[in-house]
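Here is how the chains run, residue by residue.
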Amino acid sequence: MVVLLGLLLGFAFGVTPMANDDMAPRISAGDLLLYYRLADDWANGDVMVFEKDGEQYVGRIVARGGDTVEVTDQATLVVNGSTVLENDIYYTTPKYDDGPTYPITLAEDEFFILCDYREGARDSRYFGPVKASEVKGKVITVVRRSNL
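Residues numbered from 1 in each chain as written. Predicted model: local features only at pLDDT ≥ 70, side-chain atom pairs only at ≥ 80, totals over all residues. Heavy atoms only, no water.

### Digging into the pattern of salt bridges
So, point 1. Enumeration over the complete set of coordinates arrives at 11 salt bridges.
So, point 2. The salt bridge involving D41 is made with K138; its shortest N-O contact spans 3.4 Å. Of this pair, D41 sits in the loop between β2 (32-36) and β3 (47-52) while K138 sits in strand β11 (residues 135-143), placing them 97 residues apart in sequence.
So, point 3. Judged by relative accessible area, which is 15%, K138 ranks as buried.
So, point 4. Shared partners join several salt bridges into a network, and the residues in it are D41, D46 and K138. (Salt bridge = Lys/Arg side-chain N within 4 Å of Asp/Glu carboxyl O. Helix = DSSP H or I, 4+ residues; strand = E, 2+ residues; numbered from the N terminus. Buried < 20%, exposed > 50% of the residue type's maximum accessible area, 1.4 Å probe, protein only.)

### Considering the packing of aromatic side chains
So, point 1. Applying the stated rule across the entire model yields 8 aromatic pairs.
So, point 2. Pairing Y102 with F112 gives two aromatic rings, centres 6.4 Å apart and planes at 65°, and the pair type is edge-to-face. Remark: F112 occurs in strand β9 (residues 110-114) and Y102 occurs in the loop between β7 (82-83) and β8 (104-105); sequence separation between them is 10 residues. Side by side, Y102 and F112 carry an identical accessibility label, which is buried.
So, point 3. An aromatic cluster is built from F50, Y57, Y126 and F127, whose rings are joined through pairwise contacts. (Phe/Tyr/Trp six-rings, centres within 6.5 Å; stacked < 30°, edge-to-face > 60°.)

### Some thoughts on the sheet that holds strand β4 (residues 55-64)
So, point 1. The 7 strands lie next to each other as β1-β2-β11-β3-β4-β9-β10, forming an open sheet whose pairing is antiparallel. What marks the edges here is a single partner per strand, and that holds for β1 (13-17) and β10 (130-131).
So, point 2. With 2 bridges joining them, β9 and β10 adopt antiparallel strand pairing. What sits directly across from E110, in β10, is K131.
So, point 3. The strands that helix α1 (residues 2-12) touches are β1 and β2; relative to β1, the one it contacts most, it runs at about 75°. (Pairing = 2+ DSSP bridges. Contact = heavy atoms within 4.5 Å. Axes fitted to C-alpha atoms, helices over the stretch in contact; angles between N-to-C directions.)

### Some words on the nonpolar core
So, point 1. Ranked by size, the top nonpolar core spans 12 residues in total: M18, M23, I27, L33, Y35, V47, V49, V58, Y96, C115, A121 and V139.
So, point 2. Looking at this core, the elements with two or more residues in it are β2 and β3.
So, point 3. Non-local contacts of V139, meaning those with residues more than four positions away in its chain, are made with L33, L34, Y35, V47, M48 and V49. (Core = buried A, V, L, I, M, F, W, Y, C linked by side-chain atoms within 4.5 Å.)

### What to know about the UniProt feature "domain: Peptidase S26" (unreviewed entry) in the chain
So, point 1. Under the feature "domain: Peptidase S26" (unreviewed entry), the UniProt entry names residues 2-142.
So, point 2. As annotated, residues 2-142 comprises 11% helix and 37% strand, and the C-alpha atoms at either end are separated by 23 Å. (UniProt positions renumbered as here; feature names shortened; annotations may be inferred.)

### Some points on the environment of L32
So, point 1. Take L32: it is sitting in strand β2.
So, point 2. Between the C-alpha atom of L32 and that of R145, which follows or precedes it by 113 residues, the distance is 7.0 Å.

### Regarding unusual backbone geometry
So, point 1. Cis peptide bonds are those with omega within 30 degrees of zero, and the linkage from A24 to P25 qualifies with 5°.
So, point 2. For P25, the location among the structural elements is in the loop between β1 and β2.
So, point 3. Cis geometry marks the peptide bond from Y102 to P103, where omega comes out at 0°.
So, point 4. Tracing the sequence through the fold places P103 in the loop between β7 and β8.

This is the structure we're talking about:
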């Protein structure tokens, strides 16, 4: 039983703590994230765990391969020429001075990832698109730190 559980957690699933409040208010620092490593059915709005430059991050997909993305000077998100209205996001989406040049057209194996707490978070506005090879998995559940 222990071997089977180890194989499942090591191969198909992963568990990681949320390191910061970049996904607040839905996911807070210290919450445990259970993610599915074998996911391949990505959709906008999915929360993913990914690694960029040796560091692990968590963010939400706002655009996928083939989409054109722009973060405007007015702190709005535009995908494929349409302003994205996100009812569940409570913060503006400012452009970073040292970030990528917009508009960005994503390759088939790329995602544009934004954190829910948009001001100051490290996401695609900071380091550009995330490649599919950098994705560790899709978050399937969150265990609140207050329940541990």
